[in-house]
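Take a look at the letters that make up each chain.
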Amino acid sequence: MSIEQTLQQATAKAVQHLYQTEIDPQSVTINQTPKNFTGNLTVVIFPYIKIARKNPLQTGAEIGNYLKEQFSFIEDFNVVQGFVNLLFSNEFWLQQFTQLANNPNFGQLPASGKKIVLEYIGPNTNKPLHLGHIRNMFVGHAVAAILQANGHEVHKVNIFNDKGINISKSMAAWKLSANGATPQGTGMKGDHFVGYYYVLYNKLVTQQAAPWLQQGMERTEAEKQTEIYALAQDYTQQWEQGNPEVLQLWRTMNGWVYEGFKETFEQLGIEYEKAYYESECYELGKEMALEGLSQNLFFKQPDGSVWVDLTDQNLDQKLLIRSDGTSVYITQDMGVAELRYNDYHPHQMIYVVGDEQIYHFKVLKLVLEKLGKPYANTIYHLYYGMVDLPEGKMKSREGKVVDADDLVAEMLQTAEEHTKELGKTEGMNPDEAHLLYRILGIGALKYFMLRVNAQKRILFNPKESVDFQGNTGPFIQYSYARINSILRKFGQDYILPHYQVETLHPFEKDLIAELLQYEQALQTAADTLDPSVVANYAFAVAKTYNKLYAELSVMNNSNPHTNTFRVALSAVTAGIIKKALHLMGIEVPQRM
RNA sequence: GGACCCGUAGCUCAACUGGAUAGAGCAUUAGACUACGGAUCUAAAGGUUGUGAGUUCGAAUCUCGCCGGGUUCACCA
């Protein structure tokens, strides 16, 4: 039981004992005491002054006295308005710290028995990954790690949107203008190669549509008149009919893309245990739709298309099968969900997908509910906000995107320049140096993306956004590296079961209190599926430590016991920083 | 137009889910001892939480109206 829970129950008992009224311990508010008041935790007793029929000061004094008599770790208390501020004893902090320092499993909560499948990344296979995918990957990876640390069994999966009109467009442009070129031949990364033809398609279609556009035809109509559009359409249909030649081209081009993706995943430390492919799920989805139709859950239009009516849910009618019998996006997702459920039988299926698809997932859930699927309500759409550029939205059709690989390269370069400027590469061999640039550059990027609540939009300015000072990844990494330097110098005997110190400096208390918050942060992060909780926590720990480091000597005190204690405190701090950063997929440097 | 989301310091974000005098970082200004690493630390300045009402001991947080911004409602994925 946590201190907070203990105090909640004790406060409920106090009210019962003093005023003969029963209250729910859960309803007792316990806060951390704000910095400008003395105390560690605060009990809010406003709700009980009516029950007590006394003024807040009297009520607070009575409850405070009761608590102080009850617990030896409460050294003192003071009452301000309706707040009872409790001050804990030195022994309490030392004992808590010792417990923490000697617990090898700290930060790994016991197994919950809950199984979760988490889908993330979800790229289309017609173009390279971009900034949006980066946010997706970082959020997904971090949420999975956080859930695991909370004791859940997490299976990370990916979904490739590998079929349909988009890849057909790349195929058509390649067919018409590549002369059989390949990534190997041109020296391009596979996904960039295919993406080039996707952008080219859009150029060509605009060119070819020009005559109709000049006649005043609407853009979408004009594009339908073009040769390249016809070819892309043809590919889509031929694909569904199993034309071997088309399938061959499709396989080849997708293969190029997967090779390229693999490199990017490795660069970013992103992995998953299973990949799903829409090309393997759409037929199952179609069957499910037809089954629903036969049960009169859905309805058919005269043209043969199949629809679901969700107007009673305040939504619209939604197409499930086109009039030509082919499936659409949502149908495929129905198949994916079914397949995934059969694979894992999870308690929860989390989808990390952008917030522009909130409506889509609402519909998906309702359709599966209509079909009576047991997993319908295990579906949870964990959405994240768009990443905006200073110029506005990214537009992949126009090639106006921040490319993931370019961005990574830029981060590594910035990290290198910065490190060299500060003269930190002295005594490092080139391998060590490059590893460091990677740790710092990727760390800065991950932290930048994760420190903001995932559901908020973020503005990404490539020139200014990713910094190395202040509330950043490298700031936290730096704190770690400095502690590491101390540990190297001090030697290994820094963790002892007992510390011969009697008084604690306020900075030491602050730090211990902060460290003890780790599991609380971990839980909040899991409950809200929000990695920014962990990011902000890690920053707070680093800041609290840096303050202590600046004001006090860690290992050069005249009293050797003080040195031992502070070095141990530093070591535990470093361990927690490492754990917290690890949850975000951020590595830690030995020196920087 | 229907549904949903957002508005906090010049900028980027917090606020323990209803608690005290709304906090950090960046940028600006002024400082930090031949102490363990200055990618650090200390301080100043910066606010009518878009706006108006309501709910109660107490509102950035909950409710309603208005103003401003966004997403979505495809036989695209």
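Attention in this report is confined to the structure presented alongside it. The model shown is predicted, which means the values in this text are computed figures rather than measured ones.

### As for the overall build of chain A
A count of helical and extended segments in chain A gives 21 helices and 14 strands. When its C-alpha atoms are laid out on the principal axes, chain A stretches across 85 × 65 × 45 Å. Counting every position in chain A, which comprises 592 residues, the buried fraction comes to 51%. For chain A, long-range pairs separated by at least 24 residues make up 74% of all intrachain contacts whose partners lie at least 6 apart in sequence.

### Observations regarding the protein's contact with RNA strand B
The environment of RNA strand B is made up of 71 residues, and the closest members are D303, K424, R482, K489 and M592. Contact distances for RNA strand B include 3.0 Å between a base nitrogen and a backbone N or O atom of V554. Within the residue set of the surface near RNA strand B, elements represented by two or more residues are β2 (41-44), β4 (83-88), α6 (165-177), α14 (358-370), α15 (404-421), β14 (458-459), α17 (473-490) and α20 (532-551). By residue class, the composition of the surface near RNA strand B is 30 nonpolar, 21 polar and 20 charged.

### Considering the sheet that holds strand β1 (residues 30-32)
Overall, antiparallel pairing links the four strands, which are arranged β1-β2-β4-β3 in an open sheet. With partners counted over all chains shown, the strands left at the sheet margins are β1 and β3 (74-80), one partner each. Neighbour-to-neighbour, the strand axes of the sheet open up by a mean angle of 30°, direction not taken into account. The pairing of β1 with β2 spans three bridges and is classified as antiparallel. Following the sheet pairing, Q32 is matched in β2 by L41. Across the sheet, helix α3 (residues 56-70) is in contact with β2, β3 and β4; its angle to β3 comes to roughly 170°.

### Notes on the sheet that holds strand β8 (residues 299-300)
Taking strand neighbours across the sheet as the criterion, the three strands line up as β8-β9-β10 in an open arrangement whose pairing is antiparallel. Every other strand in the sheet has two partners, leaving β8 and β10 (317-321) as the edge strands with one partner each. With two bridges joining them, β8 and strand β9 (residues 306-309) adopt antiparallel strand pairing. When the sheet's bridge partners are listed, K300 is paired in β9 with V306. Along the sheet, helix α12 (residues 282-294) contacts β8, β9 and β10; its crossing angle with β10, the most-contacted strand, is approximately 120°.

### Quick word on the environment of E338
Relative to the helices and strands, E338 resides in helix α13 (residues 329-344). A relative accessible area of 15% places E338 in the buried class. Linking E338 and I270, residues 68 residues apart in sequence, is a C-alpha distance of 25 Å. Ignoring any residue separated from it by four or fewer positions in sequence, one finds E338 in contact with L284, M288, K373 and Y375.

### Section: unusual backbone geometry
Its identity is not glycine, yet N314 carries a phi of approximately 70°, on the positive side. Counting through the fold element by element, N314 comes out in the loop between β9 and β10. We classify N314 as exposed; its relative accessible area is 73%. Notably, H345 is not glycine yet its phi reads approximately 45°, a positive angle. With respect to the helices, strands and loops of the structure, H345 is situated in the loop between α13 and β11 (348-354). Take H345: its relative accessible area is 46%, and that puts it in the partly exposed class.

### What to know about helix α16 (residues 430-450)
Since the α-helix turns once every 3.6 residues, residues separated by three or four places project in the same direction. For α16, which comprises 21 residues, the first-to-last C-alpha distance of 30 Å matches the rise-based estimate of 30 Å (1.5 Å per residue) to within 8%. Counted residue by residue, α16 has 15 buried out of 21 residues, so it is predominantly covered. N-capping of α16 is provided by N429, with a side-chain oxygen placed 3.1 Å from the backbone N of D431.

### Things to note about the pattern of salt bridges
In total, this model carries 12 salt bridges according to the counting rule given. Where E240 meets K163, a salt bridge forms, and the shortest distance between an N and an O atom there is 3.4 Å. Placement of the pair is E240 in helix α10 (residues 227-241) and K163 in the loop between β6 (153-160) and α6, with a sequence separation of 77 residues. For E240, a relative accessible area of 24% corresponds to the partly exposed category. One salt bridge in this structure joins D388 and R457, with 2.8 Å as the shortest N-O distance.

### What to know about the packing of α10 against helix α11 (residues 244-268)
Two elements in contact, α10 and α11, have axes whose closest approach is 8 Å; the angle formed by their N-to-C orientations is 105°. In terms of orientation, α10 lies roughly perpendicular with respect to α11. Side by side, α10 and α11 meet where Y235, Q238 and W239 of the first sit next to V246, L247, L249 and W250 of the second. Of the residues belonging to the contact of α10 with α11, the class tally is six nonpolar, one polar and no charged.

### Here we look at the packing of helix α8 (residues 190-214) against α11
Remark: α8 packs on α11, axes separated minimally by 6 Å, with the N-to-C direction vectors making an angle of 130°. Judged by the inter-axis angle, α8 sits oblique to α11. Contacts from G190, D191, F193 and V194 of α8 reach α11 at M253, W256, V257, G260, F261 and T264.

### Observations regarding the side chain of T378
As for its placement among the helices and strands, T378 is situated in the loop between α14 and β12 (379-384). Within polar-contact distance, the side chain of T378 engages the backbone oxygen of Y375 at 2.7 Å. With residues up to four places along the chain from it excluded, the contact list for T378 reads H347, Q348 and M349.

What counts as what
- Residues numbered from 1 in each chain as written.
- Chains lettered and ligands numbered in written order.
- Predicted model: local features only at pLDDT ≥ 70, side-chain atom pairs only at ≥ 80, totals over all residues.
- Heavy atoms only, no water.
- Helix = DSSP H or I, 4+ residues; strand = E, 2+ residues; numbered from the N terminus.
- Buried < 20%, exposed > 50% of the residue type's maximum accessible area, 1.4 Å probe, protein only.
- Contact = heavy atoms within 4.5 Å.
- Near = heavy atom within 4 Å.
- Polar contact = N/O pair within 3.5 Å; in protein donor to acceptor, adjacent residues only side chain to side chain.
- Nonpolar A, V, L, I, M, F, W, Y, C, P; charged D, E, K, R; others polar.
- Pairing = 2+ DSSP bridges.
- Axes fitted to C-alpha atoms, helices over the stretch in contact; angles between N-to-C directions.
- Expected span 1.5 Å × (residues − 1).
- Salt bridge = Lys/Arg side-chain N within 4 Å of Asp/Glu carboxyl O.
- Parallel < 35°, antiparallel > 145°, perpendicular 65-115°, else oblique.

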